[in-house]
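Given next are the chains, with one letter for each unit.
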Amino acid sequence: MVKDLLLIMSFLLLCLSSALALPSSEQTTSGGRYHALRLSPGQDLKVELTRYIKEHELKACSVVTCVGSLTEANIRYANEPGGSLVEGPLEIVSLSGCGGLGKWHLHLSVADKTGSMRGGHLMDGCLVRTTAEIVLVELPELQFDRVHDPESGYPELKVNRR
């Protein structure tokens, strides 16, 4: 099962690099190591993920899965300058993204008690309500950097082989 998951993650990384129209020299695959962690009530989702990848010196990683709940979420919607507070309780429906060297690009989707969903960029201030159970895949042969892209105007993913 782990081997199948590694193949799927490698395929997804290849698809991601193709979707971003990266030069062929930047399209690469890598085996992976998995990290599992649980956050406790009151912890900040993004702060703790950032701390974890810095502490474990992860140069390239991606979120495999995250389930749990939040008391509130700070989400930055598309093309907005700052975050918007969403009051809870909220269920984490999805968390996706990649990071390395302490920097993330993460998107969060949450649902309220009626099932209404909101989603966007994960910002500091998403506080765990009961738990956040997270699995990360580390790609030890790669390093993810963020470099300014003149076309988008944002720091975008640059994939490097280590």
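Computed from a prediction, not measured in an experiment: that's the story for all the values here.

The rules behind each value
Residues numbered from 1 in each chain as written. Predicted model: local features only at pLDDT ≥ 70, side-chain atom pairs only at ≥ 80, totals over all residues. Heavy atoms only, no water. Pairing = 2+ DSSP bridges. Helix = DSSP H or I, 4+ residues; strand = E, 2+ residues; numbered from the N terminus. Buried < 20%, exposed > 50% of the residue type's maximum accessible area, 1.4 Å probe, protein only. Contact = heavy atoms within 4.5 Å. Polar contact = N/O pair within 3.5 Å; in protein donor to acceptor, adjacent residues only side chain to side chain. Core = buried A, V, L, I, M, F, W, Y, C linked by side-chain atoms within 4.5 Å. Salt bridge = Lys/Arg side-chain N within 4 Å of Asp/Glu carboxyl O.

K.L.:
Mind showing me how you'd approach the pairing of strand 2 (residues 61–76) here?
P.N.:
Each regular strand carries side chains that alternate between the two faces of the sheet. Bridging between strand 2 and strand 3 (residues 84–100) involves nine bridges; their strand directions are antiparallel. Bridge pairing in strand 3 links G68 to I92. Relative to strand 6 (residues 127–138), strand 2 runs antiparallel, the two sharing nine bridges. Residue E72 lies in a different strand from strand 6, and its bridge partner there is L127. Two strands pair when backbone bridges link them, and strand 2 and strand 5 (residues 117–122) are joined in this way by two bridges, in the antiparallel orientation. Across the sheet, the residue bridging to I75 is L122, located in strand 5.

K.L.:
What's the story with helix 2 (residues 45–55) in this structure? I'm lost.
P.N.:
Given 3.6 residues to a turn, an α-helix orients residues that are three or four positions apart in the same direction. Residues L45, E48, L49, T50, Y52 and I53 constitute the buried set of helix 2. Its buried side turned inward, helix 2 meets strand 1 (33–39), strand 2, strand 3, strand 4 (103–111), strand 5 and strand 6. The opening residue of helix 2 is D44, an N-cap whose side-chain oxygen sits 3.1 Å from the backbone nitrogen of K46. Positioned one or two residues after helix 2, E57 has a phi angle of 50 degrees, which is positive.

K.L.:
I keep staring at the nonpolar core and nothing clicks. Help me out?
P.N.:
The nonpolar side chains of a soluble globular protein tend to be buried, and buried together. Counting residues in hydrophobic clusters, the biggest one holds 27 residues, and the most contacted among them are L45, L70, L95, L108, I134 and L136. For this core, the secondary-structure elements that each account for two or more residues are strand 1, helix 2, strand 2, strand 3, strand 4 and strand 6. When residues of this core are assigned to their parent elements, the largest contribution, six residues, is made by strand 2. When near neighbours in sequence (up to four residues on either side) are disregarded, L136 contacts R33, Y34, H35, L37, L49, Y52, I53, L58, S62, V63, V64 and W104. Counting residues in each nonpolar core, the second largest holds eight residues, with A60, C98, L139 and F144 among its members.

K.L.:
Just to check I follow, could you spell out the side chain of E138 for this structure?
P.N.:
Along the chain, E138 falls in strand 6. At 2.9 Å, the side chain of E138 forms a polar contact with the side chain of H35. Setting aside its immediate chain neighbours within four residues, E138 contacts G31, G32, R33, H35, L58, A60 and C61.

K.L.:
So what exactly am I meant to see when it comes to unusual backbone geometry here?
P.N.:
Most peptide bonds take the trans form, and the phi angle of most residues other than glycine is negative. That bond from G88 to P89 is cis: its omega, 15 degrees, falls within 30 degrees of zero. Phi is positive for N79, close to 65 degrees, though the residue is something other than glycine. Taking relative accessible area as the criterion, N79 reaches 67% and is therefore assigned exposed. A positive phi is found at L101, a non-glycine position, where the angle reads about 55 degrees. Relative to the assigned elements, L101 resides in the loop between strand 3 and strand 4.

K.L.:
Explain the pattern of salt bridges to me, please; I cannot follow it from the model alone.
P.N.:
A side chain of one charge can pair with a side chain of the opposite charge when the charged atoms of the two come close. Taken as a whole and judged by the stated rule, the model has four salt bridges. A salt bridge links E138 to R33; its shortest N-O distance comes to 3.0 Å. Pair noted here: E138 is in strand 6 and R33 is in strand 1, with a separation of 105 residues, a long-range link. The class of R33 is partly exposed, set by a relative accessible area of 46%. We note a salt bridge from R51 to E48, for which the minimum N-O separation is 2.8 Å. With a gap of three residues between them, R51 and E48 both fall in helix 2, about one helical turn apart. Accessibility expressed as a relative area gives 37% for R51, which makes it partly exposed. By relative accessible area, which is 14% here, E48 ends up buried. In the salt-bridge network here, residues are joined through shared partners; they are E48, R51 and E55.

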